[in-house]
Amino acid sequence: QYQLGNLLSDETRYQEALAAFDRATHAPDFDLAIRARKGKVKTELRLAEFVTARADADQLRKAVPADTEAATLYADALWATGLFDEADVVYEDVLRRVPGSARARFGVSRSLATKSRLDDALREGLSAVAASPRDGELHAGVAEIYERLNRFDEAAASYTNFINLLPNKDRSDKAAWSRAQVQFLKAFEGRVPV
């Protein structure tokens, strides 16, 4: 069920993946059940089931308090439910324990961007991408920061990286939106909008 959940998630069949991960959380193997719970929380976040994701992430964090991936998933769920300050505390705690955590750096980057500290946000975002170059969400986050900095060529390149990392990159809605964004940004190459 865990492997099925991963396959379905890779195919962007998130509702089916969620059901498979949920079934796998009942596995007698503790480590497998924890991996399944992580998959479940990630999927709930993708499906915008934020309140459920937060509750499940809280239980996951309590089950494995030293696990930094569980902590960043909890912070992501806090962020998704609007508890930004609480999420920041968790991201900072993870970075104290694991300075190279890509997801924690991404969380800090998002937080800095909301405070219009764009140069700092970009530095954290690029650090996150360097630590986890196959995580498309990180590229998309960096692209948004580049856009806000009016660095459209770099934003287009980051969105292109995001597209290339998407499953079903030729057919998905995310890919279509990102391709449109790349075309829009290329129209602004060398120009600063008024």
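Just above, that's the structure.
Residues numbered from 1 in each chain as written. Predicted model: local features only at pLDDT ≥ 70, side-chain atom pairs only at ≥ 80, totals over all residues. Heavy atoms only, no water.

This paragraph deals with the nonpolar core. Ranked by internal contacts, the top residues of the largest apolar core, which has 43 residues, are Val41, Leu60, Ala87, Val90, Tyr91, Leu138 and Leu185. It is helix α5 (residues 68-80) that provides the largest number of residues to this core, a total of eight residues. When near neighbours in sequence (up to four residues on either side) are disregarded, Leu60 contacts Ile34, Arg37, Lys38, Ala70 and Leu73. (Core = buried A, V, L, I, M, F, W, Y, C linked by side-chain atoms within 4.5 Å. Buried < 20%, exposed > 50% of the residue type's maximum accessible area, 1.4 Å probe, protein only. Helix = DSSP H or I, 4+ residues; strand = E, 2+ residues; numbered from the N terminus. Contact = heavy atoms within 4.5 Å.)

This next bit is on the pattern of salt bridges. The full count for this structure, using the stated rule, is 20 salt bridges. Of the charged contacts in the structure, one is a salt bridge between Arg97 and Asp93, with a shortest N-O distance of 3.2 Å. In this pair, Arg97 and Asp93 are both assigned in helix α6 (residues 84-97), four residues apart and thus about one turn of the helix distant. For Arg97, a relative accessible area of 37% puts it in the partly exposed group. (Salt bridge = Lys/Arg side-chain N within 4 Å of Asp/Glu carboxyl O.)

It is at 8 Å that the axes of helix α9 (residues 136-148) and helix α10 (residues 152-165) come closest, and there the two elements cross at 165°. One finds that α9 runs roughly antiparallel with respect to α10. Where α9 crosses over α10, the two elements pack in a sense that is left-handed. Here α9 contributes Gly136, Glu137, His139, Ala140, Val142, Ala143, Glu144, Tyr146 and Glu147 to the contact with α10, which in turn contributes Phe152, Glu154, Ala155, Ser158, Tyr159, Asn161, Phe162 and Leu165. The class makeup of the residues in the contact of α9 with α10 is nine nonpolar, four polar and four charged. (Axes fitted to C-alpha atoms, helices over the stretch in contact; angles between N-to-C directions. Parallel < 35°, antiparallel > 145°, perpendicular 65-115°, else oblique. Left-handed = near helix turned anticlockwise from the far one by under 90°. Nonpolar A, V, L, I, M, F, W, Y, C, P; charged D, E, K, R; others polar.)

On inspection of all chains with the given rule, the structure shows two aromatic pairs. Arranged with centres 4.5 Å apart and planes meeting at 65°, the rings of Trp79 and Phe84 form a pair that is edge-to-face. What makes Trp79 buried here is its relative accessible area of 13%. Between Arg35 and the ring centre of Tyr2, over which it is positioned, the NZ or CZ distance is 5.3 Å. Lying over the aromatic face of Tyr74, Arg61 brings its terminal NZ or CZ to 4.0 Å of the ring centre. (Phe/Tyr/Trp six-rings, centres within 6.5 Å; stacked < 30°, edge-to-face > 60°. Lys NZ or Arg CZ within 6 Å of the ring centre and 35° of its normal.)

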